[in-house]
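# Chains, contacts and geometry: an overview
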Amino acid sequence: MQTSNDIRAAFIDFFAQNGHEIVASGSLVPHNDPTLLFTNAGMVQFKNLFTGVETRPYSRAVTAQKCVRAGGKHNDLDNVGYTARHHTFFEMLGNFSFGDYFKDVAIEFAWRLITKDFGIDASRLIVTVYSEDDEAYDIWKKVAGLPDARLLRIATADNFWSMGEFGPCGPCTEIFYDHGPELKGDPPGGAIEGDRFVEIWNLVFMQYEQTEDGKRIPLPRLSVDTGMGIERLAAVLQGVHDNYDTDVLRALILASAELTGKAPDGPQAVSHRVIADHLRACCFLIADGVLPTNEGRGYVLRRIMRRAMRHVHMLGARDPAMWRLVPTLASQMGQAYPELIRAQPLVTETLRLEEGRFRQTLERGLKLLEEETAKLPGKGALPGEIAFKLYDTFGFPLDLTQDVLRSQGRQVELAGFESAMARQREEARKSWAGSGEAAPERIWFEIRERVGATEFLGYAADIAEGEVVALIAADGKEVAEIEAGREAAVIANQTPFYGESGGQQGDTGVLFTEHGGEFEVHDTKRHAGDLFVHLGRMTKGKLKLGEIAEMRVDTARRTRLRANHSATHLLHEALRRHLGEHVTQKGSLVAPGRLRFDFSHPKAMTSEEIEAVESEVNARIRFNSDVTTRFMTPKEAVADGALALFGEKYGDEVRVVAMGGDEHAKFSVELCGGTHVRRTGDIGLFKIMGESAVASGVRRIEALTGEAAIQYMDEQERRLMETAAALRVAPADVPARVLALVEERKKLERDLAEARRKLASGGGAAEGAAFKDIGGIKFAGRLLGDVPAKELKPMADDLKKQIGSGVVALASSAEGKASLVVAVTADMTARFDAVRLVRVGSEALGGKGGGGRPDMAQAGGPNVEALADALAAIEQAIASGGKAGESRPVAAAATPR
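Values in this document were obtained by computation on a predicted structure and should not be read as measured data.

### Focus: the packing of aromatic side chains
All told, the structure shown has 22 aromatic pairs when counted by the stated rule. Here the aromatic rings of F46 and F96 are separated by 4.7 Å at their centres, their planes lie at 50°, and the arrangement is tilted. With a gap of 50 residues between them, F46 in the loop between β1 (21-22) and α2 (47-51) and F96 in strand β5 (residues 89-98) connect regions that are remote in the sequence. The buried category is assigned to F96, whose relative accessible area is 0%. Geometrically, the ring pair formed by F456 and Y459 is edge-to-face, given 4.9 Å between the ring centres and 85° between the ring planes. Here a set of aromatic residues connected by ring pairs shows up, and it is made of F11, F14, F15, Y101, F109 and W201. Over the ring of Y459 we find R655, and its NZ or CZ is 3.6 Å from the ring centre.

### Considering the sheet that holds strand β32 (residues 818-824)
Ordered in space as β29-β30-β31-β32-β34-β33, the six strands form an open sheet in which the pairing is mixed. With one partner strand each, in any of the chains shown, β29 (772-774) and β33 (850-853) form the two edges of the open sheet. Taken pair by pair, the neighbouring strands of this sheet meet at an average axis angle of 20°, ignoring direction. Where strand β30 (residues 777-783) and strand β31 (residues 807-812) come together, five bridges link them in parallel fashion. Bridge assignment links A780 to a residue of β31, and that residue is V808. Running over the sheet, helix α24 (residues 867-879) touches β29, β30, β31 and β32 and is turned about 170° from β30.

### Regarding the nonpolar core
As a rule of thumb, nonpolar side chains are buried together in soluble globular proteins. Counting residues in each nonpolar core, the largest one holds 112 residues, and the members touching the most others are F11, I120, W140, I175, W201 and L351. If near-sequence neighbours (up to four positions away) are discounted, W140 is found in contact with I107, W111, V127, V129, G145, L146, L151, T173 and I175. With 28 residues, the next largest nonpolar core counts I777, V822, A859 and L867 among its residues.

### Focus on the pattern of salt bridges
Inspection of the entire model under this criterion finds 48 salt bridges. Here E616 makes a salt bridge to R620, at a shortest N to O gap of 3.1 Å. Of this pair, E616 and R620 both sit in helix α17 (residues 607-623), four residues apart, which is roughly one turn of that helix. Take E616 and R620: they sit in the same class, and that class is buried. When salt bridges that share partners are traced, they join R302, R306, E354 and R357 into one network.

### A few points about the packing of helix α3 (residues 103-117) against helix α4 (residues 134-144)
At a minimum axis separation of 10 Å, α3 and α4 run at an interaxial angle of 40°. Between α3 and α4, the angle is such that the two are oblique. Seen from above, α3 lies across α4 with right-handed handedness. Note on element contacts: α4 touches α3 through E135, A136, I139, W140, V143 and A144, opposite K103, D104, I107, E108 and W111. Residue classes in the contact of α3 with α4 are distributed as seven nonpolar, no polar and four charged.

### Describing α4
Turning to α4, its buried residues are A136, Y137, I139, W140 and A144. Looking straight down α4, one finds that the buried residues subtend no more than 165° of arc, so they occupy a single side. Packing partners of the buried residues in α4 comprise α3, β6 (125-130), β7 (151-154), β9 (167-178) and β10 (197-210). Looking at the residues trailing α4, positive phi occurs at G145, about 60°.

### Considerations on the confidence of the model for the protein
Per-residue pLDDT for the protein has a mean of 87; in total, 92% of the residues score no lower than 70. Residue range residues 763-769 is modelled with pLDDT below 50. Its contacts to residues more than four positions away, or to other chains, number five contacts. Contacts of residues 884-897 to residues separated by more than four positions or lying in other chains number 32 contacts, the stretch itself having pLDDT below 50.

### As for the pairing of β30
Note on strand geometry: in a regular strand, side chains alternate between the two faces of the sheet. Counting buried residues in β30 gives five out of seven residues, a clear majority hidden from the surface. When β29 meets β30, the two strands line up antiparallel, connected through three bridges. In the sheet register, K772 faces β30, and the bridge partner there is F779. Here β29 folds back onto β30 in antiparallel fashion, the turn holding two residues, of which G775 has a positive phi close to 60°. In terms of handedness, the path from β30 via helix α22 (residues 792-803) over to β31 forms a crossover that is right-handed.

Rules of the game
Residues numbered from 1 in each chain as written. Predicted model: local features only at pLDDT ≥ 70, side-chain atom pairs only at ≥ 80, totals over all residues. Heavy atoms only, no water. Phe/Tyr/Trp six-rings, centres within 6.5 Å; stacked < 30°, edge-to-face > 60°. Helix = DSSP H or I, 4+ residues; strand = E, 2+ residues; numbered from the N terminus. Buried < 20%, exposed > 50% of the residue type's maximum accessible area, 1.4 Å probe, protein only. Lys NZ or Arg CZ within 6 Å of the ring centre and 35° of its normal. Pairing = 2+ DSSP bridges. Axes fitted to C-alpha atoms, helices over the stretch in contact; angles between N-to-C directions. Contact = heavy atoms within 4.5 Å. Core = buried A, V, L, I, M, F, W, Y, C linked by side-chain atoms within 4.5 Å. Salt bridge = Lys/Arg side-chain N within 4 Å of Asp/Glu carboxyl O. Parallel < 35°, antiparallel > 145°, perpendicular 65-115°, else oblique. Left-handed = near helix turned anticlockwise from the far one by under 90°. Nonpolar A, V, L, I, M, F, W, Y, C, P; charged D, E, K, R; others polar. Arc of directions from axis to C-beta. pLDDT = per-residue confidence, 0-100. Right-handed = clockwise from strand over helix to strand, strands pointing away.

Set out below in structure tokens:
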């Protein structure tokens, strides 16, 4: 049997032998298309090649691309587990031509690979072409000799592809496999859908450009984009018709069955299939840098996770279980996708923690759903408001609720749900609008195409000469010169200025022209991959296109940037060694004055962990080792132990930075294009300022290095000395003295509270003086000055005990705010409601009600001067039998005590 790994390798080898460049799968987070939530097709990473805004050194390519369809336009989530071919994650094999070969060669390649190399019976293949594409029809006749019954013209958009409403487009030809008459379904174009005829390969011929006025103009460069799902091809070659019976997915299903103790087939089959599919999506998304959150990509990941975790729960697992399946997936797909192996600790920990959190709410949510559906008549739909409550309170996405109801034959009333969700959905749509990166601006690609890449000299130099090859004015237009007072962007053929990338801020400095002109660089950016753009203002003279400029980086600032960047590398490795290998960088800021480092970790660091990490980094700084750099391929770098950032896109050659040890005992080894110190000792000192949460599963450390760290510690020492002087103790004794003062303060607060309670209860006076009789009801009303509101309830409890039977009302004015508490003894709650009485008093204070229990309630208001009126109003209500507004004579207002 040909395994999926065999099929993938054979496909790639076939096209490599036919002159195609092997291109690694792009990240599931598309870096070149802000319109996509996830990479959903093999052509995504080549989009700029097809549109012509980017060129590469090859014109033919072959890939095995990771894809996810679980949000936006392409969303197969609801069908996963119930059909033979729907997936959230799948692999798309593809070969591409960028202005090289076209229909004849592409069709010949496809037919030869399928029928000869893979040995698929040609008599079971059916081909479709776009109805107007006579050229493709004739080529198929010539290459394959297919009879008319198996070469079908399709007139619908199914066989015409476009990149968008406007832009490159063209006809398709699709290859279908006939799984046999024992399965239902008509041939392509027929009325009855089914599993018999399955599309296995789609060849797209991009030959037109669709214009806004409705015209199709022939493209000057004809291209080919093909896509074949490896799961569908594996089903054919492994003699099954269901993708879930192929080797990789079946292995995951069997592992799920073994873990849960439930048979892989039969009534539980859907659950095992959901788990197998969703496990792949979750693991690969996490490996590419996505973590579960409540918005954007992280929200979609959480939806996928929770859907799978519910099915794990349905199979009877009472403890988190999905994370235990990660090794099986890694063994199946880790060889083809090594990022899965590198990220395995992070993937495992993320799944385990997320499932633990979800289980805390799952049972409560399912109980609520069960209670609500029990109220429905027959197969009535669940009200949308209930579905929203499940989402808002228990974290149940709508599709999870729908999935639960599907087995009952029920649906969700969507109008009500959409109404309740309108605001959240709008916010989510905004966050999903793009990949988090600005859309590539055509001007930078055009300039890059014309003048070439900028050569970066800044690893070894802070001063260099460069020829000005492009000038862009503030309005975005290219110009021939820049005059004094104008803001502009300057591009040179080479530069020592570092362009902002990888969290490191861009360099600043000055460009000096041949004729005395000066251009002050405020920032340096990087566009179109390797085009360095100097942003700033012409402060003196002119700068002309073609001039040679002396380029001077602000060396002092660059030195601080280098130190902070190198410190982030040491910090990253120290965190991994002290917290675990699940730690990986999730973002960073390298500024001249500070550094910020975000990393994956499920909980707050302890003070001991922070101290250990800080000590580790400083020890590596004192080691004063050389910071070495080498250039190698990404594969060689990772094999050599370099740490690559998940989800980052690397070129054919990468820069590997090592520091903190020697060649025999490496400490930090990372792929990085930033600038660094020459020796770790140049960092000077590392000091952590704080550790905090950024998002679910993501923590942040902020720190200082060098002179900034020394200044911070000097300031802390100054404050310590001032505190010691104020306490009249030695600096070493400050902690003990402060603890003693805290204990003294607590004792004084307790004594004061006790004194206030005695005052409120009458200070031991006779009962007749402490309480008032209102129509046979004992009432204790007290104005207590500036007693804190939090002390009123304990005082009220004391008075309830003394009064035995009756009502207590206490009022205070601490911190300029009126506070009121009413307490009713247990035997009186049938006649007097503390909540109603306190609201009567609150009205007098200008408040808006109050709350609590029938025996104890609290309220407040802004009108401090009306506290006596509030107590009088409560007395009036008691005299009226507990009902506000009913009049009964009262002798006098409550007596202040």
